[in-house]
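# A structural walkthrough
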Amino acid sequence: MQQIGNYVAENGLLIISRVICLGFLTGLSVMDIKYRVIPGYMLMAGSMLAAGYCALFCLDHIRLNLGGLLVGLFFVLVSKMTGEGLGYGDSWLLCALGLYLGIWKLLELLMAAWTGAAVAAMAVLAMRRCRRGTVLPMVPFITAGYMVMWASEILLCMEKGMI
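What you are looking at is a predicted structure, and each value in this text was computed from that prediction instead of being measured.

## Considering the overall build of the protein chain
Counting secondary structure elements, the protein chain contains 7 helices and 0 strands. Listed by position from the N terminus, the elements making up the protein chain come as α-α-α-α-α-α-α. For the protein chain, whose C-alpha radius of gyration is 17 Å, the value lies close to the compact-globule estimate of 15 Å for 163 residues. A principal-axis box enclosing the C-alpha atoms of the protein chain has dimensions of 55 × 30 × 25 Å. Here the protein chain holds 163 residues, and 37% of them are scored as buried. In the protein chain, 73% of the contacts between residues at least 6 apart in sequence involve partners at least 24 apart. Computed over 11 positive and 8 negative side-chain charges, the inter-centroid distance for the protein chain is 14 Å.

Now the structure itself:
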């Protein structure tokens, strides 16, 4: 119990930022499912929060965060090349998450998100609930990938004896 208290005391801002990000992603997931659109003002707010967090707390490893931003920009390019096969909102969100999380945590998130999306697409196709051209909202899978990334971060801290 003492270790948990120490971990929270040492990493309080990180935990608060992770909870805020999860709440933000959950809200965006609901909007993406319900309206199939991610409002630009929400993406702008999230981008400003990510940039502010990065400017205040990530200067010692800024290259990793800029690498995460570059991964997001790659997805913006993919969106443009595919005629929004992956929506611009999803790509913009990945830019903000890349800046906030850094390249390695973003890639971990993306691996979990794309795996979840692929499994869901196969399940929906197998149940004959949709056709091949049906579009699934991506933000719920990004949110699930974020939760997987955060859980693996916690498990790693437990393994190292930090918790």
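We are not done yet, so read on.
## Let's talk about the layout of surface pockets
In this structure, the largest pocket encloses a volume near 600 Å³. Taken together, 24 residues form the lining of the largest pocket, with Gly 85, Thr 134, Val 135, Leu 136 and Pro 137 sitting closest to its centre. Those elements that provide at least two residues to the lining of the largest pocket are helix H5 (88-101) and helix H6 (103-126). Taken together, the residues of the lining of the largest pocket sort by class into 14 nonpolar, 4 polar and 6 charged.

## Remarks on the nonpolar core
Membership of the largest hydrophobic core comes to 34 residues, with the highest contact counts inside it found for Leu 93, Leu 97, Leu 109 and Tyr 146. Contributions of two or more residues to this core are made by helix H2 (12-35), helix H3 (40-57), helix H4 (62-81), H5, H6 and helix H7 (139-159). Among the elements that line this core, the one with the most residues is H5, at 7 residues. Not counting chain neighbours up to four residues away, the residues in contact with Tyr 146 comprise Ser 17, Arg 18, Cys 21, Leu 22, Leu 25, Tyr 100, Leu 101 and Leu 109.

## Observations concerning H4
The terminal C-alpha atoms of H4 lie 29 Å apart, and with 20 residues this matches the ideal 28 Å at 1.5 Å per residue to within 8%. Along H4, the residues that are buried comprise Asn 65, Gly 67, Gly 68, Val 71, Gly 72, Phe 75 and Ser 79. Viewed end-on, H4 has its buried residues packed into an arc of 160°, placing them on one side of the element. Those residues of H4 that are exposed and aimed more than 90 degrees away from the buried face are Arg 63, Leu 70, Lys 80 and Met 81.

## Focus: the pattern of salt bridges
Applying the stated criterion across every chain yields a total of 2 salt bridges. Close ionic contact of Glu 153 with Lys 105 constitutes a salt bridge, the shortest N to O distance being 3.0 Å. Within this pair, whereas Glu 153 is found in helix H7, its partner Lys 105 is found in helix H6, the two being separated by 48 residues in sequence. Judged by its relative accessible area of 27%, Lys 105 is partly exposed.

## Observations regarding the packing of aromatic side chains
Across all of its chains, the model carries 5 aromatic pairs by this definition. Ring centres of Phe 75 and Trp 114 lie 6.4 Å apart, and the angle between their planes is 25°; on these two criteria the pair is classed as stacked. Of this pair, Phe 75 sits in helix H4 while Trp 114 sits in helix H6, and the two are 39 residues apart along the sequence. The exposure class of Phe 75 is buried, given its relative accessible area of 12%. For Trp 114, a relative accessible area of 38% puts it in the partly exposed group. The structure contains a cluster of three or more aromatic residues connected by ring pairs, namely Tyr 53, Phe 57 and Tyr 100.

Reading the values: rules and limits
- Per chain, residues are indexed from 1 in the order of the written sequence.
- Only residues with pLDDT of 70 or above have their local features reported here, since the model is predicted, and side-chain atom pairs are shown and tallied only from 80 upward, although totals for entire chains, interfaces and linings are computed over all residues.
- For side-chain calculations, the full set of non-hydrogen atoms in the structure is used, while hydrogens and water are omitted.
- The numbering of helices and of strands both runs from the N terminus, where a helix is a DSSP run of H or I of at least 4 residues and a strand a run of E of at least 2.
- Atoms considered for the radius of gyration are the C-alpha atoms alone. The globule rule reads 2.2 Å times the number of residues to the power 0.38.
- Each residue is placed in one exposure class: buried if its accessible area under a 1.4 Å probe, protein chains only, is under 20% of its type's maximum, exposed if it is over 50%, and partly exposed if it falls in between.
- The criterion used for residue contact is that any of the two residues' heavy atoms lie within 4.5 Å.
- Charged residues are defined narrowly, with Lys and Arg counted positive, Asp and Glu counted negative, and His plus the chain ends left uncounted.
- To locate a charge, take atom NZ for lysine, CZ for arginine, CG for aspartate or CD for glutamate.
- A 1.4 Å probe that fits into a set of points on a 1 Å grid over the protein atoms alone but cannot get out defines a cavity; an open set with protein on both sides within 12 Å along at least five of seven lines defines a pocket, and lining residues are those with an atom within 4 Å of a point.
- Grid points are joined across faces, edges and corners, and a volume is the space filled by probe spheres set on the points.
- All amino acids are sorted into three groups, where Ala, Val, Leu, Ile, Met, Phe, Trp, Tyr, Cys and Pro are nonpolar, Asp, Glu, Lys and Arg are charged, and the leftover types, Gly among them, are polar.
- Throughout, nonpolar core names a set of buried Ala, Val, Leu, Ile, Met, Phe, Trp, Tyr and Cys residues whose side chains join them through atoms within 4.5 Å.
- Multiplying 1.5 Å by the helix residue count minus one yields the expected span of that helix.
- Directions from the helix axis toward the C-beta atoms define the arc.
- Salt bridges, as used here, are contacts in which a Lys or Arg side-chain nitrogen is within 4 Å of a carboxyl oxygen on Asp or Glu.
- Centres within 6.5 Å make a pair out of two Phe, Tyr or Trp rings, where for Trp the six-membered ring is used; the pair is then stacked when the planes are under 30 degrees apart, edge-to-face when over 60, and tilted otherwise.

Distances and angles like these do not, on their own, reveal function.
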